[in-house]
Amino acid sequence: MFQNDRASVLQLPKHEKDSIEADIRSIVANRERRLIAVATNDAIYIWLANPQLLLCSIGVIDQTFRETSGELKDIYWKPDSSSIAVTTNQNKILIYNLELKDDELCYNFTDPADPYFQRNSPELFIKGNRPVAHLHPTIIINLADVPTCCVPSRDEFLVCLRNGFTHHVTWTGEIMSSLSFRASAIPFSIDQLQSKSENVTSKSTFITDAVYAPLLGGFAIVLSDGKGALLTSNDPNFAPTAILGVWAPNLKDATCCDVNHKFLLILFGCKNGDVCAYNIDELNGALIQSFRVAPKVTNGPDLTNRLGPVHKITALMNGYGFAAVWAPKDKENSSSISESSALPRLVAVFTSFGAQSFCNLEGVIEDHLSEEIENDMYTAVEWGPEGFQLWLGTKNDLMMQSFVRSASCSNPIMEHCDRAVLMGDSQVLISAARDREAEACAPHSVWNHIAVTHEYLSSNWPLRYASTDRKYKHLVVAGDQGFAYCSLSSRRWKIFGNETQEKNLLVTGGVFIWNDDVIGVVGVAADTDKSYLSFYPMSQRLDNRFASVIDLEHKSVMCALRDDVCAVFDISAQITLYKLTAHLETGRDAFTKVSGDIVTVIRINEIVPHPTCIVSLQMTQLNLDQRGKLAPAFYSSIDTVLVNISGRLITLSLNEEGKLHQPMVIASYVEKMWHDRCIVSQSTLAQSLEPIWNGHKRNGSNVSIHSVSTTSEPSSPMNHPCSSHLSNALWIACGEKGIKVWMPLVPGKRNVATQEMTFIAKRIMLPFELDIYPIVISARDCLAVGVESQLQHVARTSKNGRMESITMYGLHRNSEVFVHHLLRQLLKRNLGVFALELAGACRSLPHFTHALELLLHGVLEEEATSSEPIPDPLLPRCVAFIHEFPEFLKTVAHCARKTELALWRTLFDVTGSPNALFEECLQLKQLENAASFVIVLQNLETTEVSMDQAARLVKEALEEKKWTIAKEMVRFAKSIGAEDIDALTPPPSAKTSLSRRPTVSSPSADSSTEFVINRFQAGAAGRLNKVRHSQSTDQKDPQRKDSIGSSKDKTALSRGLSGELSPQLTVNRLAVRMTSILEDHAWHLLNNYWILDLGFFWAELQFDLLGLLETRRKQISISPKSTNENCYLVDDFALALTRLHAQFSWPYPVIGSQFVHQIEKKLGNIRVSQSTASLNGLVNGETSEIIKPKARRAERTNVDVNTSIPLRETDNETSEEDVEIQEAVLERVHGSAVELAPVVDRSPSTSSSMNPVSIAHAPATPSSCDSRSLAGDWQNTDFLVGEKSSRGNIQSSRQIDLLLDLFSQTAAIDWIFLLCLLSRDERKLRLEINLAMVRRAGEKSFARIRFACTELGRWAVEKCCGYVALLQAFDAHLSVLAEQAGIADIKYVPDGEKRKLSLKSTTEERGRKRVDSGGATLNNSFTKQTINGGRRERSRSADRAHKSVKRYDDVVCAEDALEKANEEGCSIM
Amino acid sequence: MLELTATLDREVAIYLAGETIQVTVTVSNLSRGKQGIVEQLAWGSLQLICERTIGANSSLSSSSATSRPRPTTSVTKSAATVYSSPPNILFCELQLGPGQTKQFSCDIPLSRNGIPPTFRGHLVKYSNRVTVAVSHVQEHIKSAHLPIRIIPSVGLETKLSLPVNPFLASTLTRPSVVETVMATVDDLTQARKSLVFALTHNSSTSRVALLTLPKKAYKLGDDVCGFLDFNGATTPCVQYSATIETEEHLIDADVEEGKKKMVKVHCQTAPICTFSPDSTFRLSIPLTATPTFSTDSVQLKWKIRFVFVVTEKAYDVHLNGDVASSSAPTDVPVESFSWSTDLLVLPCKPQNAALIDNTFPNRISMTV
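Here the structure is a predicted model, which means the values were calculated and not measured.

Rules used throughout
Residues numbered from 1 in each chain as written. Chains lettered and ligands numbered in written order. Predicted model: local features only at pLDDT ≥ 70, side-chain atom pairs only at ≥ 80, totals over all residues. Heavy atoms only, no water. Helix = DSSP H or I, 4+ residues; strand = E, 2+ residues; numbered from the N terminus. Buried < 20%, exposed > 50% of the residue type's maximum accessible area, 1.4 Å probe, protein only. Contact = heavy atoms within 4.5 Å. Areas by Shrake-Rupley, 256 points an atom, 1.4 Å probe, with all protein chains shown as cover. Pairing = 2+ DSSP bridges. Axes fitted to C-alpha atoms, helices over the stretch in contact; angles between N-to-C directions. pLDDT = per-residue confidence, 0-100. Salt bridge = Lys/Arg side-chain N within 4 Å of Asp/Glu carboxyl O. Buried area = accessible area lost by both parts, 1.4 Å probe. Polar contact = N/O pair within 3.5 Å; in protein donor to acceptor, adjacent residues only side chain to side chain. Disulfide = S-S within 2.5 Å. Lys, Arg positive; Asp, Glu negative; His and termini not counted. Core = buried A, V, L, I, M, F, W, Y, C linked by side-chain atoms within 4.5 Å. Phe/Tyr/Trp six-rings, centres within 6.5 Å; stacked < 30°, edge-to-face > 60°. Lys NZ or Arg CZ within 6 Å of the ring centre and 35° of its normal. Parallel < 35°, antiparallel > 145°, perpendicular 65-115°, else oblique. Left-handed = near helix turned anticlockwise from the far one by under 90°. Nonpolar A, V, L, I, M, F, W, Y, C, P; charged D, E, K, R; others polar. Expected span 1.5 Å × (residues − 1).

### Here we look at the overall build of chain B
On a plain count of helices and strands, chain B comes out with four helices and 22 strands. A total of 368 residues make up chain B; the buried ones form 54% of that total. Pairs at least 24 apart in sequence give 76% of the contacts found in chain B among residues at least 6 apart. Accessible surface for chain B amounts to roughly 16500 Å². Of this, 50% is attributable to carbon and sulfur atoms.

### Side note on the sheet that holds strand E40 (residues 505-514) of chain A
Residues and elements named next belong to chain A. Taking strand neighbours across the sheet as the criterion, the four strands line up as E40-E41-E42-E43 in an open arrangement whose pairing is antiparallel. Sheet topology places E40 and strand E43 (548-551) at the edges, where each strand pairs with a single neighbour. Ignoring strand direction, the axes of neighbouring strands in this sheet form an average angle of 20°. As paired strands, strand E41 (residues 518-525) and strand E42 (residues 531-537) are joined by seven bridges and run antiparallel to one another. Looking at the pairing, Val518 lines up with Pro537 of E42.

### Concerning the confidence of the model for chain B
Residues and elements named next belong to chain B. Confidence in the prediction of chain B, expressed as mean pLDDT, is 83, and 85% of residues score 70 or more. Here residues 57-77 is a poorly scored stretch, pLDDT under 50, and it has 21 contacts once near neighbours within four places are set aside; other chains count. Per the prediction output, this complex has pTM 0.77; the corresponding ipTM is 0.89.

### Brief notes about the pattern of salt bridges
A complete count under the given rule lists 40 salt bridges over all chains for this structure. Where Asp80 of chain A meets Lys78 of chain A, a salt bridge forms, and the shortest distance between an N and an O atom there is 3.9 Å. Notably, a salt bridge pairs Arg305 of chain B with Glu245 of chain B, separated by 2.6 Å at the nearest N-O pair. Separated by 60 residues along the polypeptide, Arg305 of chain B in strand E19 (residues 298-311) and Glu245 of chain B in strand E15 (residues 237-250) bring together distant segments of the chain.

### Looking at the interface of chain A and chain B
Interfaces are often sized by the amount of accessible area the parts lose when they come together. Counting residues at the interface gives 79 residues for chain A and 70 residues for chain B. Here chain A meets chain B over a buried area of about 6400 Å², counting both sides, of which 60% is carbon and sulfur. Connecting chain A to chain B are two salt bridges. In this structure, the connection of chain A to chain B is made through 21 residue pairs in polar contact (both at pLDDT 80 or more). Looking at the side of chain A that touches chain B element by element, the count peaks at seven residues for strand E5 (residues 53-60) of chain A.

### Digging into helix H35 (residues 1309-1318) of chain A
All names here are of chain A. The buried fraction of H35 amounts to ten of the ten residues, a majority that puts the element mostly inside the structure. By the burial criterion, the buried members of H35 are Ile1309, Asp1310, Trp1311, Ile1312, Phe1313, Leu1314, Leu1315, Cys1316, Leu1317 and Leu1318. Immediately downstream of H35, the backbone of Arg1320 shows phi near 55°, a positive value.

### Here we look at the environment of Val246 of chain A
Residue and element names in this part refer to chain A. Here Val246 is to be found in strand E20 (residues 243-247). Considered as a pair, Val246 and Phe885 are 639 residues apart in the sequence and their alpha carbons are 56 Å apart. Those residues within four positions of Val246 in sequence are excluded, and the remaining contacts are Phe188, Ser189, Ile190, Asp191, Gln192, Gly228, Ala229, Leu230, Gly285, Ala286 and Leu287.

### Quick notes on unusual backbone geometry
All names here are of chain A. The omega torsion across Asn50 and Pro51 is -15°, close enough to zero to call that bond cis. The residue after Trp461, namely Pro462, is reached through a cis peptide bond having omega -5°. With respect to the helices, strands and loops of the structure, Pro462 is situated in the loop between helix H2 (454-460) and strand E36 (465-468). In this model, Arg33 sits at a positive phi of 65°, which is unusual for a non-glycine residue. Tracing the sequence through the fold places Arg33 in the loop between strand E2 (24-29) and strand E3 (35-40). If you check the backbone angles, Asn830 has positive phi at about 60° while not being a glycine. With respect to the helices, strands and loops of the structure, Asn830 is situated in the loop between helix H6 (819-828) and helix H7 (832-842).

### Describing the state of the cysteines
Residues and elements named next belong to chain B. Summed over all chains, the structure comprises zero disulfides over all chains. Of all cysteine sulfurs, the one in Cys106 lies closest to Cys92, which takes part in no disulfide; the gap is 13 Å. Judged by relative accessible area, which is 54%, Cys92 ranks as exposed.

### A look at the side chain of Glu816 of chain A
Residues and elements named next belong to chain A. Residue position: Glu816 is located in strand E58 (residues 803-817). It is Arg824 that comes nearest to the buried, bridge-free Glu816 among opposite-charge side chains, at 12 Å. Only 2.8 Å separates the side chain of Glu816 from the backbone nitrogen of Asp771, close enough to count as a polar contact.

### Focus: the nonpolar core
The nonpolar side chains of a soluble globular protein tend to be buried, and buried together. Core analysis: the biggest nonpolar cluster contains 165 residues, and Trp731, Phe881, Phe1303, Trp1311, Phe1313, Ile1329 and Tyr1363 of chain A have the highest contact counts within it. With 95 residues, the next largest nonpolar core counts Val181, Leu283, Ala289 and Val310 of chain B among its residues.

### Digging into the packing of aromatic side chains
Residue and element names in this part refer to chain A. For the structure shown, the criterion picks out 47 aromatic pairs over all chains. Consider the rings of Phe268 and Tyr278, whose centres lie 5.7 Å apart with planes at 75°: the pair is edge-to-face. Of this pair, Phe268 sits in strand E22 (residues 265-270) while Tyr278 is found in strand E23 (residues 275-280), placing the two residues ten residues apart along the sequence. Of the two residues, Phe268 and Tyr278, neither departs from the other in class, the shared state being buried. Taking 6.1 Å as the distance between ring centres and 45° as the angle between the ring planes, the aromatic pair formed by Trp1355 and Tyr1363 counts as tilted. The two residues Trp1355 and Tyr1363 agree in class, both being buried. In this arrangement the basic side chain of Lys737 is found over the ring face of Tyr669, its NZ or CZ atom lying 4.7 Å from the centre.

### Here we look at the packing of helix H24 (residues 1133-1143) of chain A against H35 of chain A
The geometry of a pair of packed helices is captured by two quantities: the angle between their axes and the separation between those axes. Residue and element names in this part refer to chain A. With their axes 10 Å apart at the nearest point, H24 and H35 run at an angle of 50° to one another. When the interaxial angle is binned, H24 and H35 end up oblique. With respect to the hand of their crossing, H24 and H35 are arranged in right-handed fashion. In this structure, H24 uses Phe1133, Ala1136, Leu1137, Leu1140 and His1141 to contact H35, whose residues at the interface are Asp1310, Trp1311, Leu1314, Leu1315, Leu1317 and Leu1318. Residue composition of the contact of H24 with H35, grouped by class: nine nonpolar, one polar and one charged.

### Focus: the sheet that holds strand E49 (residues 640-645) of chain A
Residue and element names in this part refer to chain A. Reading across the sheet, the four strands line up as E48-E49-E50-E51 and stay open at both edges, with antiparallel pairing between neighbours. The strands lining the two open edges of the sheet, one partner per strand, are strand E48 (614-620) and strand E51 (664-667). If you compare each strand with its neighbour and ignore which way they point, the axes differ by 25° on average. As paired strands, E48 and E49 are joined by six bridges and run antiparallel to one another. Looking at the pairing, Ile614 lines up with Ile645 of E49.

### Structural notes on the environment of Ala29 of chain A
Among the secondary structure elements, Ala29 of chain A is positioned in strand E2. C-alpha of Ala29 of chain A to C-alpha of Leu856 of chain A: the two residues are 827 residues apart in sequence and 52 Å apart in space.

### Here's the deal with helix H14 (residues 943-959) of chain A
Residues and elements named next belong to chain A. Compared with the 24 Å implied by 1.5 Å per residue over 17 residues, the 24 Å span of H14 between its first and last C-alpha is a close match. Within the sequence span of H14, burial applies to Thr943, Ser946, Met947, Gln949, Ala950, Ala951, Leu953, Val954, Glu956, Ala957 and Leu958. Backbone geometry just after H14 places Lys961 at a positive phi near 60°.

### What about the pairing of E3 of chain A?
All names here are of chain A. Judged by how many residues are buried, E3 sits mostly within the fold: six of six residues are covered. Side chains of E3 alternate between two faces, with Leu35, Ala37 and Ala39 and Ile36, Val38 and Thr40 buried alike. Where E3 and strand E4 (residues 43-48) come together, five bridges link them in antiparallel fashion. Looking at the pairing, Leu35 lines up with Leu48 of E4.

### Examining the environment of Leu346 of chain B
All names here are of chain B. Within the element layout of this structure, Leu346 appears in strand E21 (residues 331-346). Distance in space between the C-alpha atoms of Leu346 and Pro286 is 12 Å, their sequence separation being 60 residues. Ignoring anything within four residues of it in the chain, the contact list for Leu346 reads Val154, Val185, Leu188, Thr189, Ala217, Tyr218, Lys219, Leu220 and Pro291.

### Section: the confidence of the model for chain A
Residues and elements named next belong to chain A. Summing up the model confidence of chain A, the mean pLDDT is 74 and the portion of residues at 70 or higher is 71%. Per-element confidence in chain A is highest for E22, whose mean pLDDT is 95, and lowest for helix H29 (residues 1219-1231), whose mean pLDDT is 31. Contacts of residues 981-1066 to residues separated by more than four positions or lying in other chains number 88 contacts, the stretch itself having pLDDT below 50. Counting contacts from residues 1392-1469, a segment whose pLDDT is below 50, to residues more than four positions away or on other chains yields 87 contacts.

Shown next as structure tokens:
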């Protein structure tokens, strides 16, 4: 029972203007629950249950009458609703006649003549029966004492008096004195057979509450001394002599009682707030306690010490639950009550066997409760029709709360849905498809609300049955009469066209959808009273003309469906199985006809006390034998019928001779059950089982724990629904007693030959507990799905205009993982093999790791905290079990982090030392888990060990680029107080009282373990806080990142960072060590030119890179020659550049076509060759290139070749001295082949001299301008090196910019140069590498980059001609700058012989190249050019004094051009 | 025989405008073994098309049809293509041997505000669908349509700022379209100030109820919870109805005034409140509905409408002798008053809509 609305308050019209308040004493519904009688202290009201309208009322206003008769107390209905009896607190009972005129209607809303004011919506026209009612006082019965309670029946009612007497009184007011008896005279015994009876000791004992329990054979009573009993009699008139009382054992403080007829339970409310229930022992008629529950509020006001006696219990008519209200604790009895406030109004709803499903205080914040009134409590409680309403009375108000319940109550068809389907009085709620929930937002509160059409409901309220098909395509509902159905996608309803047909059909046993196109109805015809099972095709109008009718012998109360077999349970306790067959009726309007053949009839009247007692009915297959001869079955795939009779789950099956086996009770106290086999048919199940069983066979008979392969691929849940254990398991909800699973152990599958299959495969019953009450148990993904009513606040405006909030209930689904419970139970029973199989089948579940963790945690908590030694501990077995899975390390690590430190030792005694686990993690590169273990190590191992391991982990993490882990570890190291890590240094603050040392050493002393644990815990608490602290700083990370990222002022940042990194004295040794590791790593990255990684490292770890680079700058400026001792210089610029390309995924430049065109234009008058023609036909070339991709590779080699044809050896890429180029460069080029395509196209036809690069070496005509000036003219170097699209992505370029910024702050001029080159940004270069930078970086460094520039130029000529022009432009700038700085003559000479040699050889190459390409004249011009260049630069520097820096280059270029125009034979270079 | 299957990246074909649909098209040759034949396709393409259908009852009535005949063919009904994405050529000259299967994938970015939402109104229907078309050499083009539900987006106009440190950008992933839209929706639907309406009739003196609505903006799937206070009312209310409805307004000069509007009720409650001093109601906005939107031909407005059934006099208790007995009146003269206010309904997460909506499968296949 759940709630999804707010209780609506109903005002009671006052009979007296001056009456203080309506003090509601009693609310009682009549037998049909259509009329609700409410008694206040001075009036009686008769309400219509729906709509909630007051039909009539009668007040007691005569003062004298009130004095003699007292105040009204309780109301009792005559079963035919014609009279009510009201007890008073004086010695009187008043009987009123209720005159109901069913043919007349009241509350007929009449519209005015003006159409403007008329109602226009059909919903506003209320239908349904609203009889005119009148109450007439008829009889006043005078009694000897105050009546305490009555039990009404058809002809008479029992009245219990305070003096101990009980009288039979007729509705006409006669007391049948011969049948009167006295409570003290009743013999009581503990059972109904042989035990000795005794009388109540005290004469003054009287009956305070009594309820008729016909199915239990008597009355449930509560005596004034707090004892509860069942009064039985073998005399139908209940003669005093024949009465026997049966004690409810262990019950001393009962206050009230009620009876659950379906489950044959007597419910007693107790003084201490408990509700306990008793059922009858079949053997001797004694009462046995079935359960005892108290209301629980987990998230609301505290109930302990405030819970008073149960004021009233009322069981649902259909038996699926009960509600109770409580009074606050008596003030006299408890002195402590004054401290805490009194109990707020409390009502709770429980399922049949005591699982709490709703409590009004759950989630309520006590301060929000309205101003506390003394003794505020619910004074009366009663269920409305079908349990969809709960009527509640207080001192002031009458309230009606609407409820929804699971659609599976008394409707077995809906028992195995994989979604929660709830029904209210007028709507059906279906939860969302679970497989789609993963990505949805708050799917637990998403419901498919289906409001039943008003057309149907207005005259057939309330709903009684709701069923959907398995695919949730259609919904069929049945109310009072007839039924209606709708398509869930279109929401179109179909109702009977003929209203008399609807009125004539009373659904008694349920409605269902069969075969997706037929509605099945088990009902009774109202006119003939004949029962039938009828089928209505959905394709047709809803009309009896199209119905196929199967006549039934008796009125049926329940039906079940499996495949095409329908089982019907009727009032003669007979289960009939029909095989349904569909025929398509031929004809013009063809429709489906259904015929049913009786398969079998099972009579179970001996085991069914009354047809009401049937709770559920299912057909299923319990026999799992797939081979050999078939076990006897009722029908092909149905070998067992499961019936739940009053909570006892019974299997009915056939024996070999085809006769019914003795019915077997497999579980008691069963409220609900789920068995996938009830819905999954044989064929589909067999398919899904096949792979599993094959798997079993593969494993062979000698299965040891290790041989069951957990390493086998977890199959996806789609094609492998779940293990046979789970899909064949029978899940049982037992209310307060938790959940049980009856699981098959499928033993025969392993050693088929030896073991004989029994009829029912061997099964095991495993109990487990869930925190939620399940609506759905999904065996497929081991999830229990429940529903809870959650409070939500709705704003309201109060009278004085202030905003207040009122609370409303909303429905939420919740779910719980339970596979770990099963695993644990199996392990406990030494069934590890099965546990492994089960776990193996669940491995693909997303929550599997979590389940393992829960398993370990649960076992650990229980066994480590146990006060007594455990003879056979489960923990080792459990750990061995988890060890079978690759998630082992993760599980242990997570478990350790989530458990108290005090339990760690127990854990690691079993799993092995955390150090070993740490090593394993490192080996397997599970660094996250390793990090968890470091925290453990820090607490369990010596300082040295933990420090070493932490350092190792950081190194490893840095190596693996797991920045987060490294960061976490560094932070962790920093968060540890120096006093914790370093016992040698005196703690700077003396506040540490908790030292780790004794706790670490103490466990060696085996004695006084308790003491150790205590101390350990004390220390643990302190340490845990520290650990948590470090975690909480982690959580702040994003903000921190943001703040750092957003601060433009990097110096401020570095200050903050360095401050954080070196808080001088307080820093601990580990932190110092961490810092040095980080520094080393930074050097390592820099030295290997992993600049992108350095960037990540810097950003993620918030490492003080600025400081580091500053050190580097200083060192370089001091001793520029001492490379790579500890101030890493860029050694191999070409390698560095290629690495940069590789790391930033930055495409290599190609020569821009514009540039080529321009040069071509300039040179056009000298050379017109074949190749220039191909340059013009670029587009054609491109397309043809795409079509012939095979040619590409060879051609690319040509690209390399054509710049250096004489050097054939460079063709062979593998012979290059630089391996890196090959590895990264080529792949990249290949990947962005399109970028290179223009070059590629040209190459085949390009003769050696006609390459753009070789043009550079060619003698220019006087008209031509040199490339340097060209570059200067074109500010955007894109022109030089191709289109913008061939750059890296925005992200990379932003990264480069940031790094450039960093390097420029620290004057790392070599890296500035490289990054500018990479981003092809000459402007940036001019901006960054200026005079000030040169000064800062030092002359030598500058000389180095000049050298680098030339060296790269050489490299570019060979490897990437796209760079040539760019490098020339860069070089120009550098040489200008060198002149400005006056250091043009300083040349960098690399150390080492190799360098020199290579330099020499390259110069030679260059020379040779030029000779080859340009000829002798060229050579001359080359030498000339250098001289010229030198002169030019001087002139430039002279100019600089009075030219703005910005425009300077342009001017110079223009000058140069002029200059060059005057000179002859000037080269472009 | 070739089987062509188009599968979307989602289980249910529901997308927000601005998202990208990823379609995987699998072509497999169904013939097996030696006798199988090599199949050939000339080309295959994929395109998203939005069609608008103007309801027949509104504008195709004889009068308007004669006044302005719409260019129709037998194929297109009265549908007009209002949006079509650039066609994506999947393959050309595809050859598949027996049993061979090839997969092609394609992204269709949905325009942020260029595509009308999928909408099934009474007057106008917008249907979005992905059309897969293939052609055999020298044969007719064969096509299959996969209907897509597009929910209009909000909040995509604001430019997304990139995280500042580019190195942290990979760890701080950029919000997706859905996340951006949902952040905007969450912001817009936050309850800030309750709306309070004092509902009166005739004159301001005759008060019926005080209505409190927590907010004006909701998203699909939300519940509209309201509170009605009848305390202090001078006119007793015996029943009220609260309705969530959409009003479809046709922006078309040719249509006569009466046919321009169409109201659809989505959720309704009509409780009796004769004896209640106050009442709460909960109306849910279905996940299958279309949020508030407007195009150049239709405007969809969401409203909450109330009808209050009021009477002159409340239930009266008469005195009769020494006991005060009363019974219900048989006839209650009532008048009803209607009142409505606009609501803003915003999109929900498409994955949430997929929880309930089963009408948009994510795959379609055809054999050619």
